[in-house]
Structures are given as structure tokens and as C-alpha cells.
Amino acid sequence: METDEDQRVIPFQLQFDKPVASQIKIAEWNPEKDLLAMVTEDSKILLHRFNWQRLWTISPGRCITSLCWRPDGKAIAVGLEDGTVSLHDVENGKLLRSLKSHTVAVVCLNWEEDGHLIRDDNGNISTYEDRTSCFFPPAPRVPRMPGVVSGDTGFMDDNEDSFQELSNSSHQRFNILCSGDKDGSICFSIFGIFPIGKINIHKFCFPTPLVGTQATYRLLNASIYKVALSKDLCHLIVMCSGELIEDNDASRDRRTAGHGMHGLHSLMLDTSIFWKRKNELHQVAQQASNIEDLTEVIRASLSVMCKQWSDAMHTFHEKFDPLSTLIIDHGLDSSPQEEFLSLLGGARTSPPVHQFLVNSLGEVGAKRVSKVVCGAGKELQLIVLNHLQPAAEIIGFRMGELRGLSRWRARYQGVGLDETLINNATEKAGMLLVQVERFMRVLSSVVQQFSNFFNWLLKCIKLLMSEPSDQLLPYNSELAVIFLKFLYDQDPVRKLLELSEADCDIEIELETMQRVKELVHFGGFLDCEYLRRTLAKEFQQMESSFKEAFLMPFSTISEKILCENLLPLFSLPSSPASTSFPVPTSISYYEDSSHAMSSNQTSQNSFIDYISFQIPEESFPEIANCIGIARGFMNDLISVKKGYSSLEAVLLGVPDGYHCVDLSLYKESQIVLLLNETTSSEGSGDACMMIVQANDLPFVSISRSTSLDYWMLHQLKESVVYLQMENEKVRSIPHSVIAPLAVSTSRGVACVFAARKRALVYILEEDEDEVSDAE
Amino acid sequence: MDLENFVFKKVTEEIEARKRASERVSFHLHAPKALFDLVEDIEAPADPKSKHSDKVGETSPYVHPPNYALKEFEPNSGIFLRTNWQIQGYLQEQADALEKNGSSFSLNAFELILRQLHKLAPELHRVHFLRYLNSLCHDDYFAALENLHRYFDYSAGTEGIDFVPPASGSNSFGRYEIALLFLGMMHFQFGHPKQALEVLTEAVRVSQQLSNDTCLAYTLAAICNLLSEIGVSNTAGILGSSFSPLTSIGISLSVQQQLFVLLRGSLKRAESLKLKRLVASNHLAMAKFDLTHVQRPLVSFGPKASMKLRTCPTNVCKELRLSSHLISEFGFESSTMTTDGAFSTAWLKNLQKPLGSAILSQENGSGSNENAFQFCVQPSSIPGSVLQLIGSSYLLRATAWELYGSAPLARINALVYATCFTDASSSSDAALAYVKLIQHLAVFRGYKEAFAALKIAEEKFLSVSKSRILILKLQLLHERALHRGHLKLAQQVCDELGVLASSVTGVDMELKTEASLRHARTLLAANQYSEAAAVAHSLFCMCYKFNLQVENATVLLLLAEVHKRSGNAVLGLPYALASLSFCQSFNLDLLKASATLTLAELWLSLGSNHAKRALSLIQGALPMILGHGGLELRARAYIAEAKCYLSDPSFSVSENSEVVLDPLSQASVELQVLEYHELAAETFYLMATVFHKLGQLEEREEAANSFKKHMMALKNPLDDEDPLFNVL
């Protein structure tokens, strides 16, 4: 590029320069649309369009520590300080799901989808799709808690469509969300909703590739900076800080990696299990996450029902309790039931009952209580019919599908689907269905009895007040007796719904018990005692059996994620305060065109990774103000086996007078650098943004044979490439800028934040048409 | 039958309601003349209080378990004073018992009582109805017809109650339309679809004339029931011009479409009349219809017209769920108040229990926890007919899942029925649930357990002619005989199954197709290919004629199987493909998986260069087969998979023998449970060859021995240890 041309054409068209309300600490572009999600210092999430129109703002109430987009751009994953990862809908910011997979702050998130469509050849199954949608109407949703204004609960409330969309993962490509926390744990979840693995990098041992030494090393006090999953899901590069120490089981006294090995390390984890078993994992995750949704529906239904029923019962008792005091006041030694019975029998109307019915309850009161109780009963019935029963049925179906998968041992044992556990879970799902039916019967007869009782009561009141009682509904006196005997001061419905500590056995008719026992011979449930459990208890048991069954894939996969390689990058000051010191880093994977692999390489290796990072001043005083770029880390081990190393690195010296604020890898191995002028004081001065073509840089191959003694960068001391401002695409920015720099690879835009609360959006692909006057 | 009693109950309830409305109850004493002096006719006001006090005193003799009643009604066992009310209650309960126990109800004993009753109280016309029901249950056509006629002749359908306020509208014909409805249903019960349809059509006409909407709704439901049960040949045109409600719609509708229109109409009518139970049963009928029929839009043009020619399982599910809404709605039905005294039996039973003494004593407080569930032990106050309908929705679910292919759900739904509904349901429905469970056992756990369960079931449901248990037994025997290679026995059982079906065309279609399907399979097992193909062909023609699409898929698959066995794989392919497409459009996923398996086997037999294709076909179907297929299907899939690997020239046994040995050993385990000698022998043969290639001689010998054992068993079937052989 000629110099004089460079003067005329200013790269990166400025789209706008707008003020922002508060300082931004995280910003990420949507991979599919021109949307920018930002997190402010006070932990609000803002979503802006490309024209800076704000779509929505939400504040989760907890400190946000990381953010990333789902690969299809329809959801945002947010990592919180307390270790929760929550998903938000892009449309309205509603919380879709939240999963507390970590115990400490989630500092980085990476959501990668399988770059390839599921292929049909190679014996891969792609034909097996989820049958559920074919056989069932859309799955039931969580019933609304009455009296709660929508929006208050926040969790899966109004967002029915998007919730549906999230659960129906069959149209999605296989994708995995990785999240890393401050304590060195990394969690993996399929579709961001089904946890499939958790590892802690403290537990890894790293064999040294040093010739002649057999020492293994561990990382101490590791904290994760960044995770990046390769596009084929086979590798995970982790940037973490920590202290590398020799595993002390070795009897050797030489401690090469003793002190001073605290620094930034790059780890390469082998996650090829995700690639190898992606079809299986996809199936399992799809069924299992749907099952978890449905158990959520059941749980919510149970609690809503319990709440509604106990409210209604409370009203009932509130109205009817005065009767017993009235009876005592009248000096009678009897109970309300007895008094009512004698009224029903027509023997006499005792004064307290008369007083109660005519004065304290009255016709209006009786009608009101009747409406409350019967209305609640009706609501409960509808919840069972529309939510509980369908959910239980679909759970049964999906469990059956999973059972089918678990029997295909050749395929699914590898992902930890265990047949006996799934079988057990299927049985529990079946028991729940029986329990739901029984509950429905109890509920319906209770409701019937209540309404019958109130019909009778109304008639009595009318008679006592000597008013005509023609238009009243008929009643059945026998049912009224049963009601007084069994329901007046007992509440079987609530007992069935409530989970109490005390093991309350439900009394079962002898006949039923015999039938259940007999059914065992017909292939019934082996556990004959299940009818003695309450509905809530049964649900609890079912849930724990599900948990047990799904824990198996989780632990199996976790065990299969192994550490392949470790690359110490540079040391960090070992004071604990600086562990949170942010080091601008960026990891990206590119289609490897230059390194055309030999033909026997499978498609998984056609990517090359680039790791770029700023080197802090303190770590290498002799090579200050540099940026390191390493590539080929992923292929390193394979190459080592072949006899040559492909791990290469280069140091970029930032031009004098500038220092790097943030950097980001852009497409086609380009790096976008954000530089501030060092000379001026804080808050003033200019900055610039530049793009450097990385693959043209003179990379130096790093030999691994002796590298562990030194930080990887020591080898590069001699070969620093100094950037010349004149030779690169540079755009000066008339503000002092701060991190973060948000670059969208797919959309070709970058957003820069100035220290004075401004946001500037540049189109990286277009040059400014003419020298703008605004400059 | 269900519907019949259901209507009967309906009518009774109407009458009860009317009785209640008139605020008085007549206590007529039906006692021998000799005792007449002792008592007087009492007309008691139906005051709730007095009524109750009456009851507490005298409910005990009111209703008895049937065997009790038999004793009580012996002519010379003492003095009996029975109120009209009591007799009505007794008859009501007997009607319920008749429905519940079906043909196991003793015909003669009950007939004797009824005759006695009739002699003592000739004005109690309901006795005739009970006699009708009794003879209906015992398949006595002439007696049933006679009693039905007598009932309507005497009472004009107005029961044996002394006063009947004239129903609104003209009542000059009595209740002619109801009589027709009953007659139609009786004909249907006896398997005379033509007469039934004629009578019911007449009932529709009369109901319309008299604007008796309720009766019309029930009649329409009965016609739907009839049409969906009997096989109506496409060409016969039974409905033709004689059926007025339909001819007005159009002429070109097929029988199925007519049925659909009828169902919709009936549902709408029932909904508008707020007949909740009828609505539920209509939903069930709709679900049944949707299960096996492709909904073709009557108008199909334009860009939005769906070209999807498939059944719609979600509709089935929706209809089933709608039908279960009955449980929350039955209380709102116009007249469902349970009759007073309905609970007294159970109630008294409970009083005898020790806890009964604590009814009213308030010493709870600590024991309140236990007491709360005493309510659950109480007889449910939900009317039996409601429970019956809800229960049948579970049965239908189980059937649907058998077709759609979800073994766990089919089993669970049958279990829900068997656990929760057997007390309220008729014995034939309960038997059906148990039959399903036993079939499930046989398919998934082998014959040993199935026959053990069958034995219990046989005792439980005393088998009579045409009972499902008997059919099930024959089915199981046939399957096992085929697997063991007892072809003579298989043929014998198969013939016996065929005999059970009625000879009238269009009746018992299910049984007829099953019998001839089994016949074809037996022939196939005997390697009589052309005969088997001929039987299958004629079966296909019959299924086609009667629109039995689901069965068609099975028959086509059988034809493919015949060609596969006879070595004409190329001829078999089109049949397998046709079966596949049938399965697809009817969502028969399990059958589809097994058709896919057959297809793969056909490809494999065309040569080793098709092994890859066959393998991918099998692997595509494996999740379905392993999850929902029975032992036989699973074993076949395993064997086919292993064969695919073995015949693939690029596959080397020594490198990954696991891939082959693992499925083979699983197949061998499953086939031994099933005692399927032929396939087991094949499995062991394959295993032996694999071990041979691997050089593991010991294992090879073991497999070879097993092979030999199974071949011997196949050659000389031993029937000495067969306990059921002599049952036939």
C-alpha cells in the first residue's frame, strides 16, 4: 500500500460516535445480526442495534462477569459472579434458563457450534429424529401462579415462544457452551442447557515433553482467563494464570519449575469426545433437557396447586372455625361435625349451629366460601389436566426413547447412558402417571363432596331463614355424611401435594394392594408400595432417579476430557492481588489454507489456532510493550509425532508512543489492535485502531524440547517485529479509548469505547469515502 | 354393551331427577299378599331430614353384594318388606354388576330372581329390562329380543314407576325412539350390523320427528360406534340412499368420510346438549378414528392445501386429553346427582371396620395425619360410568402406543388402567388391559412369564366363549409353536382362532385378519411359499376392501418376508417399500422399523456389495427397534447387523471382533429366552464361524454345541414338557 494513497484513504468507515450512559465493561457482537450486547459497570445488559437504537435493558441484579452469544445469535449467555450461567432471549431479554454450574464467578464463556452438518455417510446416523413433536401437541408449560402479575416471576413467564424454541433443539446444530470460572473449573453444556461435563484444571497432570525428564506438573491456584473451543469441537484452548509446580510424588530434588512459574499458561484440552459422539450427545441432550423442562413444569404445577388449595382451605377454615367456639360457648360437648350431622339427620338444630349458619356465615358467606373452594378445586383439576398429566405422559415417552438409545450399547455406552438407570427412571415415570391419576380421582371426589356439602348447607340456611329453597341445586345427603366424616377437618388433597418430613403412609385398601401385588406378575411395577407414597413424594423420587441417570453421562464425559498440552506463556507478578489483572487476550481458529495438511488428515485438523495476547510490562522488562501471537498450538502434538514442530510464535512491538489497550483476532488471521497514546495523561489524547495481517508475520518456530525451563517468549527475544504505523491500516480515534474492543468477525464491524463514555462503531470492511470533516 | 348400559343409566337418572323434582317418593311395598295386612301403604314426604333418618335405620338391607341378594330373595327365607325405592336400587345395582361382570354373571340364578320379582310386582317393568340385559350378556338372542319387546310394550320406556309426568312435547308414541335405539344396539351386540343400522336409522328419523335431541345424540353416537366397529366394505354401500342424514350432504363421500361427518355432528350435538359423558365418549370415538385414518381435506387445492397424507397422532392425543376432561366436568352435567343410597353398601362395609367407630369421636390431633388418607380408602363418589370412560381413554392410549411404537407408554397406560380402574370397569375392559400386559410380557420377557401371568388372568376372568383371554391364549400358543417349530400345533391353534370369528361379513374383522395372517405365517414357517403368498394376497384383498390400512402394512411386510425366505429378494423389495410407505403415512413407527429391517435383509441377500447400505438402514432403525421392539425383533436386528459386517469385504473380523460378537451374543440371549430355535441356531452358527476365524477354538466348540442343540430341538419338537398342549 503506497504511502500517499494511505493519506487519502482512511480505513474503517466511522458509522457513528455516540455517548453512552455508563461505562461498558463487556461488549459482544451478535454473530448473525448487527446487534451489540453490552454490560455496563453496574451490571446492566444493554442490547443495541447497529443504528444504536436500544432494544432492551435488563439488570439481573447480580454482578455480570462474562457474556457470549449463542452461535445462532438467538440467545445470550451471561456468566454471573455467583457462578450462575443464565440464558436470555435476544428478542426481549427475558430469562430463559439459568444453570448454577459454578460456585465462583464465571469469568469466561465460549459457545461454539459444530461447523459441519451432520453427515449421512460414514455410518453416522442422522435419520433418527425426535418423535415427540409428531405424537404430542406442544409440551405443557409452567402454570401461572394466580395473583402474580406476569413479569414479576421472571422465570419462563411470558416468553412462551422462545422458551419453546429453546427446548426444541432438534433443528439446532450441535453446540456446546463452555464456561470457565475463577477457580479453574470449566463446565460444558450442550445447547447451553444440558450440563455434560465439568473439569478442574487443577486436577490435570502435565507430562513434560522435556527430553530425559519424567516429571509431571500441576497447576496451582489456577484461574481461567479465556476458553475457546475449536470449530470442530475437538480441542479447547484455555488461557489461565497459575503456578506450575512439579508433582511432588517424584523423588527428585531438582525443582526446575519451582518459584517464578506463576504466570499465564495456555492449555490444550482434548475434547474430541464431543466431535466423535456428537450425534449421540445430541440425542441424549435433546431428550434429557426436555425431560428436565417437563419436571420443572411438574414441580411448578405441584407448588401452584398446593398454594391454591391451601389458600382455599384457609378460607374455608377461617369461616367454619368460629362454629366450634360457638359450640363451646354454648356449653355443648360436641363437635361441629356432630352438630351438622344432627342437622342433616333432622333431629334438631342446635342453637350454635343455628346461630352460625344464620348469623355468622349467612347465605352470602356460604356462597362465597363455596365459590372459593370449588373454584380452587376446578383450577386444580385444570392444572392436572392441562399441565401435570400431559407433562408426566411426555416424560414417560421421552424416557422410553432414551431407554431405546441406552440399549444401543455400542453407541451410547460411550457417552455414559446406562440402561439400568434409565430403566429405573422409566419405571418411576410410570409410577408418577399412576399417582397423578389417583390424585385426580381424589381431587375430583373431594371437589364433588365440597360442592355437595355447600349445596346442602345453602338449603339448610334457606330453610332456617324460612325462605323458599326451590332454585337450589339438589344434594346428596349420603355424600354430605361422608364429607363430614372424612373431609370436614381433614385435607387429603393437601397431604398428597405437600412434601412433609414425616413419612406419612397412605392407607391403601386391601383389595387395591392385592391388585398391585398381582400386577407384578403381569409386568407391573416391582415396587408394590408405591401407592403408599404421596404424589409429592413420588415426584421427588422420580426426580432423584432422573438425576442419577443423567449424572452418568456427565461424569463419563468429564472423564474423557483430557489435557494434551501446556504452554507457559509469560510470568505474572505472583502477588494474589494481580490475579484479576486483565490481560487482553484473543483466541481464534481459522481455516488452515497455508498449512495444507497431508491428505490423510481428517477434516478436523484443517483449522489452525491463533492465540494473541498482550504481554504485561512487568513480565518481560527487556521486551516491553509487545504483543505475542502464537499459532499452531493445537496441532503441536500431532506435529511432534511427525518429527517437526508447528508451534510458532511472533512478538509484535507496539509503536513507540502507544500502548495496547485491547486486541482481538479478526477474520483471515488479522488482528485488530486498539492502541492509546501513552504520552498524554489519562482521559485525553488520541488513540488508534489498526489491523495487522498476522499470517504474513515472520513466525518463529518454537522448539519444545527445552522450553519448559523458560517461558515460551524467552526464545523470541531476538525476533521482535516492530510495527510501523505507516505500513499498516491505521485509523486514529480522537478519544482516549478503553477496553473492551468489540469486533465482529462475521459482520465486519468494531465498536470502540472512549474513556469519556462514548461508543464509536466502525465498519472494518469499508474505507471512509472522503476525509471526513468530523475528524 | 357399554353404551347400552350407559344409556340405560342415563334414562334412569332422568327419571330419578324427575322423581326428586316432584318432591315425594312413593314407598310401595312389594310383599307377598299374605303379608299385606301387616303394613300399609305409606306416602312419605321427601323431606331431606326424614329421608335421612330413614336411611340410617334401614339402609343395611337395601343393597347387597349379589351373592347375598340371591339368598335374600329365596322365597321362604323370612319376611321381606321392600320399598319400591329399594327394589329400584337393587335392580340398578344388578344392572351395574351385569355390566361389570359380563357373561360371568350367573344367568339362571338371576333369571330366577327376576321372574320371582316379576310375579310379585308385575307393575315393576324394569324387571323386564334387567331380564333383557341378562340374556344379552349371555348371548341369548331370542330371550333378549323378547324381553326388550316386552319391556317397551308394557312400559313404553317409562319404567315401572307409578307416576310419570308427561315429558315435554308429544309423548303419544311412548318412547318409541328409545326402544329403537335399544333394539339397534342389541342387534349390534349380536353381530347383525345390517339390521342394527336399519333400526338405528329409523331411530334417528323418529327422534328428529319427536325432536328428542338427547335420544338423537345417543343414536348418532351408537351409529358411529357401529360404523367404526364393523368392517364396511367400500363397494357394499350399506348406507346408500336409505340413510337420510347423510344423503343430504353429498353422494360421493366414502364410508370413512361419512363416519367422520357423523362423529363431528354427534360431538357437536352432545356438546350443545351438555351431555358431558356423551361428549367424552365422542372424543374417544374421534381419537379412535384419528388413530387409523388419514385426514384428507375435503377441499384440497390452493397453495395452502396440505399435501401431507399422514395420520395425525397429535389429534389423537388431543382428543384423548379432551375426553379426560370429563372428570372435572361430570358434576356439571344436567342430571348426574348420584342416587341416594348408592354408597351405603361400601359405607356399611367401612363401618364394620374398627376405624368406623371413630367416625365422629374427636380424638384426633395426633392421628390426624393418618386420618387424612382415610378418605382415599372410601369408595369414590365419582359415578362408575365416568370412571369407565376415563379408563377407556387409558386403554385407547395403550392401543395407540402399541401402534405408534412406544413400548413403555403402552405398558404404563395399561398398568394405569389395571391399577386405578379395574374396580369400576366392566370385566371385558379389565380383561383387555390384562391382555395387553400379558402380550407385552410375551414379547419382551418371553413365554414363560407370559403363560404364568395368563394362568392368573384366566382365573381372574373366567373364560367364556369369545373372551379375549381365550384369544390371547391361542395367540401365545401359536407364537410359541412357531418359534419352537411345532408347525402342526401352530396350524391347529391357528384354525381354532379362525373358528372364533363370526361368519357374518364385516363382523369380527380384527379376528379374521389375525387368523388368516397367522395362517400365512404358519405356511411360511413350513416353507410353503406359494401357499403362504396366496393366503397373504387374499388377505390383502380383504383388508383393502374393508379399508383396514393398518393391517395392510402388516400383510405387505409379510409378503416381503415370504419373498425373502423364498429367495426372491428382488420381488420382495417392492413389498417392503410399499409396507414402509404405509407405515409412514399411518405413523406406525415400530412396524416401520421392522419393515426397514426386512428391507435391509433383502438388500443384504442381494449380495455383499449392498452390505453398507443394509447396515446404514439397520442402524437408522436400531434406536426404535432396541427401544420398543420385542425380543424377536431385537434379535433379528442384531443378527442382521452382524451379518452386514461379516459380509462386508472390507471388514476384518480379527481387527474388531467386538462389533460382531457383541450383537450376536445379545441376540443369542434373547432368542434363548424366546426359545426361537431356528434363529438361535443361526446365531450360534455365526458365532462359531467368527470364533473360528479368530482362532478361539474353545469358544467355537461351545457355540457349535449350542447350534447343534437348537437344531436338534427344532428337528424333533418335544412336547412332553409343554403344559399347555393338553389344554386345547
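Because the structure is predicted, anything quoted here is derived from the model rather than measured.

Colleague: With reference to specific residues and values, describe the sheet that holds strand β9 (residues 95-100) of chain A.
Modeller: All names here are of chain A. Pairing is antiparallel across the open sheet formed by four strands, whose spatial order is β6-β7-β8-β9. The open sheet has two edge strands with one neighbour each: β6 (64-69) and β9. Each neighbouring strand pair of the sheet contributes to a mean axis angle of 20 degrees, computed without reference to strand direction. In the sheet, strand β7 (residues 75-80) pairs with strand β8 (residues 84-89) via five bridges, with the strands oriented antiparallel. Bridging from a neighbouring strand, alanine 75 pairs with aspartate 89 of β8.

Colleague: Could you give me a rundown of the pairing of strand β3 (residues 35-40) of chain A, with the residues and numbers involved?
Modeller: All names here are of chain A. The element β3 is extensively covered by neighbouring structure, given that six of its six residues are classed as buried. Neither face of β3 is exposed, since Leu35, Ala37 and Val39 on one face and Leu36, Met38 and Thr40 on the opposite face are all buried. Taken together, the five bridges between strand β2 (residues 24-29) and β3 define a ladder with antiparallel strand orientation. The residue bridging glutamate 28 from the neighbouring strand is alanine 37, located in β3. Linking β2 to β3, which pair antiparallel, is a turn of five residues. Here β3 pairs with strand β4 (residues 45-49) via five bridges, running antiparallel. What sits directly across from methionine 38, in β4, is leucine 46.

Colleague: Describe the sheet that holds strand β5 (residues 54-58) of chain A, listing the residues and the values that go with them.
Modeller: All names here are of chain A. Spatially, the four strands line up as an open sheet ordered β2-β3-β4-β5, and their pairing is antiparallel. Looking at the sheet topology across the chains shown, the edges are occupied by β2 and β5. Each neighbouring strand pair of the sheet contributes to a mean axis angle of 15 degrees, computed without reference to strand direction. Pairing geometry for β4 and β5, over four bridges, is antiparallel. When the sheet's bridge partners are listed, isoleucine 45 is paired in β5 with isoleucine 58.

Colleague: Any details on helix α5 (residues 278-329) of chain A? Residues and values, ideally.
Modeller: Given 3.6 residues to a turn, an α-helix orients residues that are three or four positions apart in the same direction. All names here are of chain A. The terminal C-alpha atoms of α5, which comprises 52 residues, lie 75 Å apart, in line with the 76 Å expected from a rise of 1.5 Å per residue. At glutamate 318, α5 is bent by approximately 30 degrees, the largest bend along its length, and proline proline 322 sits one to four residues beyond. One or two steps after α5, the chain reaches glycine 331, where phi turns positive at roughly 70 degrees.

Colleague: How would you summarise the packing of aromatic side chains if you had to cite specific residues and measurements?
Modeller: Scanning all chains against the criterion turns up 43 aromatic pairs over all chains. Relative to Phe50(A), the ring of Trp29(A) lies with its centre 6.3 Å away and its plane at 55 degrees, an arrangement referred to as tilted. Taken together, the residues Trp29(A) in strand β2 and Phe50(A) in the loop between β4 and β5 connect sequence positions 21 residues apart. Summarising the aromatic geometry, the rings of Phe397(A) and Trp401(B) are spaced 5.1 Å apart at their centres and angled 35 degrees between planes, so their arrangement reads as tilted. Here Trp401(B) lies in helix α19 (residues 384-404) and Phe397(A) lies in helix α7 (residues 351-407), a pairing that spans two chains. With respect to class, Phe397(A) is no different from Trp401(B); both count as buried. In this structure an aromatic cluster arises from ring pairing among Trp309(A), Phe316(A), Phe320(A), Phe340(A), Phe356(A), Phe450(A), Phe453(A), Phe454(A), Trp456(A), Phe483(A) and Tyr488(A). Across from the ring centre of Phe421(B), 5.6 Å away, lies the NZ or CZ of Arg441(A), which sits over that ring. A cation sits over an aromatic face here: Arg631(A) above Phe699(A), 3.9 Å from the ring centre.

Colleague: Please provide a residue-by-residue account of a negative patch on the surface, values included.
Modeller: Residue and element names in this part refer to chain A. A surface patch of negative charge is lined by Glu668, Glu765, Glu766 and Asp767. Note on placement: glutamate 765 falls in the segment after β31 (758-763). You can call glutamate 765 partly exposed: its relative accessible area is 48%.

Colleague: Report on the environment of Leu437(B), specifying residues and quantitative values.
Modeller: Considering the arrangement of structural elements, one finds Leu437(B) in helix α21 (residues 427-445). With 122 residues separating them along the chain, Leu437(B) and Asn315(B) place their C-alpha atoms 25 Å apart. Aside from chain neighbours lying at most four places away, what touches Leu437(B) is Leu519(A), Phe522(A), Arg411(B), Ala414(B), Leu415(B) and Ala418(B).

Scoring rules and cut-offs
Residues numbered from 1 in each chain as written. Chains lettered and ligands numbered in written order. Predicted model: local features only at pLDDT ≥ 70, side-chain atom pairs only at ≥ 80, totals over all residues. Heavy atoms only, no water. Pairing = 2+ DSSP bridges. Helix = DSSP H or I, 4+ residues; strand = E, 2+ residues; numbered from the N terminus. Axes fitted to C-alpha atoms, helices over the stretch in contact; angles between N-to-C directions. Buried < 20%, exposed > 50% of the residue type's maximum accessible area, 1.4 Å probe, protein only. Expected span 1.5 Å × (residues − 1). Bend = angle between axes of the 7 residues up to and from the residue. Phe/Tyr/Trp six-rings, centres within 6.5 Å; stacked < 30°, edge-to-face > 60°. Lys NZ or Arg CZ within 6 Å of the ring centre and 35° of its normal. Patch = residues over 30% accessible without salt bridge, like charges linked within 9 Å, V, L, I, M, F, W, Y side chains within 5 Å. Areas by Shrake-Rupley, 256 points an atom, 1.4 Å probe, with all protein chains shown as cover. Salt bridge = Lys/Arg side-chain N within 4 Å of Asp/Glu carboxyl O. Lys, Arg positive; Asp, Glu negative; His and termini not counted. Charge placed at Lys NZ, Arg CZ, Asp CG, Glu CD. Contact = heavy atoms within 4.5 Å.

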